[in-house]
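# Notes for the structure review
Spelled out, the chains give:
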Amino acid sequence: MTVRTRFAPSPTGFLHIGGARTALFSWAYAKKNGGQFILRIEDTDLERSTPEAVQAILDGMQWLGLDYDEGPFYQMQRMETYKKMLQTMLDAGTAYYCYSSKEELEALRESQMQQGLKPRYDGKWRPESGKTLPAIPVDISPVVRFRNPQTGVVAWDDLVKGRIEIANAELDDLIIARADGTPTYNFCVVVDDFEMGITQVIRGDDHVNNTPRQINMLKALGATVPQYAHLSMILGGDGQKLSKRHGAVSVMQYHEDGYLREAVLNYLSRLGWSHGDAEVFNMQQFCEWFDLDHITPSAAQFNTEKLNWLNAHYIKEANIDVLALDIATRLTKLNVEVSLQPKLQDVLALYRERTNNLNQLASEVAYFYALPKANLADVEKHLTPEILPVIRTLSEKLGIIDWTAEAIHAEINAVVAENQLKFPKVAMPLRVMLTGNTQSPSIDQVMALLGQKLTLARLQKHLI
RNA sequence: GUCCCCAUCGUCUAGAGGCCUAGGACACCUCCCUUUCACGGAGGCGACCGGGGUUCGAAUCCCCGUGGGGACGCCA
């Protein structure tokens with residue numbers, strides 16, 4: 001049987017890091033096994049689903065390069081199918097109408113909680129042989145409930161967590177269609193996973209408790225039960241759960257914040273999954289290696305430091321033209337217009353090894369295209385009255401040489417020797433004057449790249 | 001409260017009874033390189049939650065604690 005996996009987010013917000021990892025693992029599992037990966041938008045919650053969120057999820061998937069073979073399917077467009085299935089179950093007696101009001105159920109829940117019981121439906125409207133159902137109230141439109149078995153156990157061999165068994169006695173008759181007739185999550189999932197022929201359901205840990213109910217419904221429908229793999233959650237850097245209020249961040253935010261998709265992908269791959277000592281690998285390699293056997297069942301904490309390290313690695317490895325395109329965009333956001341000279345690719349070649357972030361890289365190279373403003377403390381510290389004459393002499397000599405890093409280096413060396421100075425004594429003021437910074441690559445290389453004209457002009461400004 | 005899940009360095013993890021005086025990676029520290037800051041190179045610090053079993057032998061298996069997390073919606 002060919003492998004078919006799916007990613008089924010609800011469009012109530014952006015694609016966050018946990019969802020992205022779930023999608024990544026499902027995607028990789030399909031790729032690894034030559035199967036299909038399906039995207040399904042679970043938008044049956046009219047209250048909270050938004051088209052913006054749908055778009056945000058699609059954008060996130062695209063940025064990460066998680067392409068799907070089928071979909072996106074939208075559950076709201078599949079109502080006919082759900083209604084048909086609902087009727088089938090009603091006819092078969094595996095589902096029934098329930099006229100209990102919300103208030104009634106609320107009261108029930110409360111009293112059960114007080115008694116220290118697990119809150120659950122009391123089965124008031126559950127048809128039973130020999131049982132007389134209450135009179136149907138006229139003012140209540142009914143919900144539909146699944147008639148869950150009351151005895152025995154539901155068990156499955158979770159591909160991540162191992163065997164899990166739950167007594168049916170722990171389960172109650174869940175609502176599968178609301179009073180307005182729309183089906184609920186647990187029912188749609190079951191119908192879709194069944195009809196879409198999903199073979200492995202890879203999803204978040206928080207669905208473990210839904211699994212036994214879904215298995216029971218699948219069985220009631222006569223469907224083959226897929227395999228399940230429940231991924232543990234990703235905790236924030238502080239070890240706390242991620243939520244809208246606490247640290248949950250859109251994957252697109254990582255793009256904004258200067259991360260390369262390759263770094264995010266590689267990082268996410270290693271969160272909860274491993275392949276021996278392998279740390280750095282691309283997605284092709286990942287798809288070859290990926291398996292469910294090496295997923296950790298415990299929760300993982302997000303660690304920005306390691307992401308940064310991977311980001312540094314991928315910045316070094318990136319195709320220089322692709323990198324230049326990205327950095328040019330970021331420079332534009334900094335109101336810096338990239339000119340033809342010096343070539344951005346050359347600048348990046350000199351700078352890319354020194355950073356772990358694209359935004360940082362952009363701001364570090366900005367001075368090539370816009371006049372830098374050195375901070376006062378640096379100016380005072382390095383542009384001393386003693387050194388300025390030396391720089392002036394150097395500046396004059398620089399005006400008449402071949403503009404190569406070697407020649408520049410030789411000139412600096414010459415003045416350093418003449419004045420019996422140390423190299424940094426001259427290099428530092430040059431840095432401040434030319435880059436506005438006290439940190440840069442070799443100053444001779446910077447000057448070579450900046451060009452003779454710009455270099456002399458910037459020096460001149462400080463020598464007046 | 002009830003049910004379910006989890007537990008190796010600060011963090012991500014390797015580990016399927018002897019290969020473990022527990023390996024790798026990030027971070028941290030030291031040194032080297034050096035034209036500043038990085039990069040890079042070489043070292044270092046650092047963990048099997050506790051207690052009982054099982055076994056010749058347990059990080060690995062079992063039980064009990066403890067701690068953490070999840071679920072208990074006409075949300076997904």
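### Some points on the overall build of chain A
Tallying secondary structure elements over chain A gives 19 helices and 12 strands in all. Its C-alpha atoms give chain A a radius of gyration of 32 Å, more than 25% over the compact-globule value 23 Å for 464 residues. Taking all 464 residues of chain A together, the buried fraction comes to 48%. Carbon and sulfur atoms form 51% of the exposed surface of chain A, whose accessible area is close to 23,000 Å². Here chain A carries 47 positive and 56 negative side-chain charges, and the mean point of each set is 2 Å from the other.

### Notes on the pairing of strand β3 (residues 70–74)
In the sheet, strand β2 (residues 36–41) pairs with β3 via 3 bridges, with the strands oriented parallel. In the strand pairing of β3, Ile41 is matched with Tyr74.

### Considering the packing of aromatic side chains
Taken as a whole, this structure holds 17 aromatic pairs when the rule is applied. Relative to Phe302, the ring of Tyr267 has its centre 4.9 Å away and its plane inclined at 70°; by these criteria the two rings are edge-to-face. Of the two residues, Tyr267 is situated in helix α8 (residues 261–269) and Phe302 in the loop between β12 (300–301) and α10 (304–317); the sequence distance between them amounts to 35 residues. Exposure class is identical for Tyr267 and Phe302. Each is buried. The aromatic ring of Tyr121 is capped on one face by Arg145, whose charged end is 3.5 Å from the ring centroid. Over the ring of Tyr351 we find Arg354, and its NZ or CZ is 5.8 Å from the ring centre.

### Notes on the pattern of salt bridges
Going through the model one piece at a time under the given rule, you end up with 23 salt bridges. Note that Arg6 and Asp193 form a salt bridge whose closest N and O atoms lie 3.0 Å from each other. In this pair, Arg6 sits in strand β1 (residues 4–7) while Asp193 sits in helix α5 (residues 185–195), placing the two residues 187 residues apart along the sequence. There is no split in this pair, since Arg6 and Asp193 are both buried.

### As for α10
Compared with the 20 Å implied by 1.5 Å per residue over 14 residues, the 20 Å span of α10 between its first and last C-alpha is a close match. Considered for burial, the residues of α10 that qualify are Leu307, Asn308, Leu310, Asn311, Ala312, Tyr314 and Ile315.

### Considerations on the packing of helix α2 (residues 51–64) against α8
Running from N to C, α2 and α8 point in directions that differ by 95°, and their axes come no closer than 9 Å. Between α2 and α8, the angle is such that the two are roughly perpendicular. On the side of α2, the interface is formed by Gln62, Trp63 and Leu64, while α8 contributes Arg261, Val264 and Leu265. Residue classes in the contact of α2 with α8 are distributed as 4 nonpolar, 1 polar and 1 charged.

### A closer look at the nonpolar core
Ile327 and Leu430 are the most contacted members of the largest nonpolar core, which has 94 residues in total. The dominant element in this core, judged by the number of residues it contributes, is helix α1 (residues 17–32), at 9 residues. Taken domain by domain, this core gets at least three of its residues from each of domain 2 (318–368) and domain 3 (376–463). The contacts of Ile327, once residues within four sequence positions are left out, are Leu344, Leu348, Leu358, Leu361, Ala362 and Val365. Grouped together as the second largest cluster of nonpolar side chains are 32 residues, Met79, Ala95, Ile166 and Leu218 included.

### A few points about the sheet that holds β3
Strand order in the open sheet formed by 3 strands is β1-β2-β3, with parallel pairing between adjacent strands. A strand with exactly one partner marks an edge of an open sheet, and here the two such strands are β1 and β3. The sheet shows a mean angle of 25° between the axes of neighbouring strands, taken without regard to direction. Bridge count for β1 against β2 is 4 bridges, and the pairing is parallel. Within the sheet, the bridge partner assigned to Thr5 lies in β2 and is Phe37.

### Some details on unusual backbone geometry
Note the cis peptide between Gly71 and Pro72, where omega equals 5°. Of note, Pro72 is situated in strand β3. Along the chain, Gln341 connects to Pro342 via a cis peptide bond; the corresponding omega equals -10°. Tracing the chain through its elements places Pro342 in the loop between α11 (320–333) and α12 (344–351). For Asn335, which is not a glycine, the phi torsion comes out positive at approximately 65°. Inspection of the secondary structure puts Asn335 in the loop between α11 and α12. Classification of Asn335 by relative accessible area gives exposed; the value is 72%. Of note in the backbone geometry, Gln420 takes a positive phi value of approximately 55° without being a glycine. Note on placement: Gln420 falls in the loop between α16 (405–418) and α17 (423–435).

Reading guide: rules and limits
- Sequence order as written defines residue numbering, which begins from 1 separately in each chain.
- Each chain gets a letter, beginning with A, and each ligand a number, beginning with 1, in the order they are written.
- Only residues with pLDDT of at least 70 get local features here, since the model is predicted, and only at 80 or more are side-chain atom pairs given and counted; chain-wide, interface and lining totals rely on the full set of residues.
- By convention in this description, side-chain values take in all heavy atoms of the structure and omit both hydrogens and water.
- Note on conventions: DSSP H or I runs of at least 4 residues are helices, E runs of at least 2 residues are strands, and numbering of each starts at the N terminus.
- Throughout, radius of gyration means the C-alpha value; the globule benchmark is 2.2 Å times the number of residues raised to the power 0.38.
- Residue burial is assigned from relative accessible area. The probe radius is 1.4 Å, only protein chains are included, and a residue is buried under 20% of its type maximum, exposed over 50%, and partly exposed in between.
- In these tables, accessible area is a Shrake-Rupley quantity obtained with a 1.4 Å probe, and a residue counts as shielded only by the protein chains included in the view.
- Think of it this way: Lys and Arg go in the positive column, Asp and Glu in the negative one, and His and the chain ends go nowhere.
- Charged groups are reduced to one reference atom each: NZ for lysine, CZ for arginine, CG for aspartic acid, CD for glutamic acid.
- At least two bridges found by DSSP between two strands is the condition for calling them paired.
- Pairs were defined over the aromatic rings of Phe, Tyr and Trp, the Trp ring being its six-membered one, requiring ring centres within 6.5 Å. Orientation was assigned from the angle between planes: stacked under 30 degrees, edge-to-face over 60, tilted for the rest.
- Over a ring means this: the NZ of a Lys or the CZ of an Arg is within 6 Å of the ring centre and within 35 degrees of the ring normal.
- Each salt bridge in this description consists of a side-chain nitrogen of Lys or Arg and a carboxyl oxygen of Asp or Glu lying within 4 Å of one another.
- Here the expected span of a helix is defined as 1.5 Å times the quantity of residues minus one.
- Comment: axis = line fitted to C-alpha atoms, over the contacting stretch for helices; angle = value between 0 and 180 degrees taken between N-to-C directions.
- Throughout this description, any angle smaller than 35 degrees is read as roughly parallel, any larger than 145 degrees as roughly antiparallel, any in the 65 to 115 degree range as roughly perpendicular, and the remainder as oblique.
- Between two residues, a contact is recorded if the distance between any of their heavy atoms is within 4.5 Å.
- Here the term charged refers only to Asp, Glu, Lys and Arg, the term nonpolar to Ala, Val, Leu, Ile, Met, Phe, Trp, Tyr, Cys and Pro, and the term polar to all other amino acids, Gly among them.
- Definition used in this section: a nonpolar core is a set of buried Ala, Val, Leu, Ile, Met, Phe, Trp, Tyr and Cys residues joined via side-chain atoms within 4.5 Å.
- Boundary definitions for the domains trace back to an automatic or database domain assignment.

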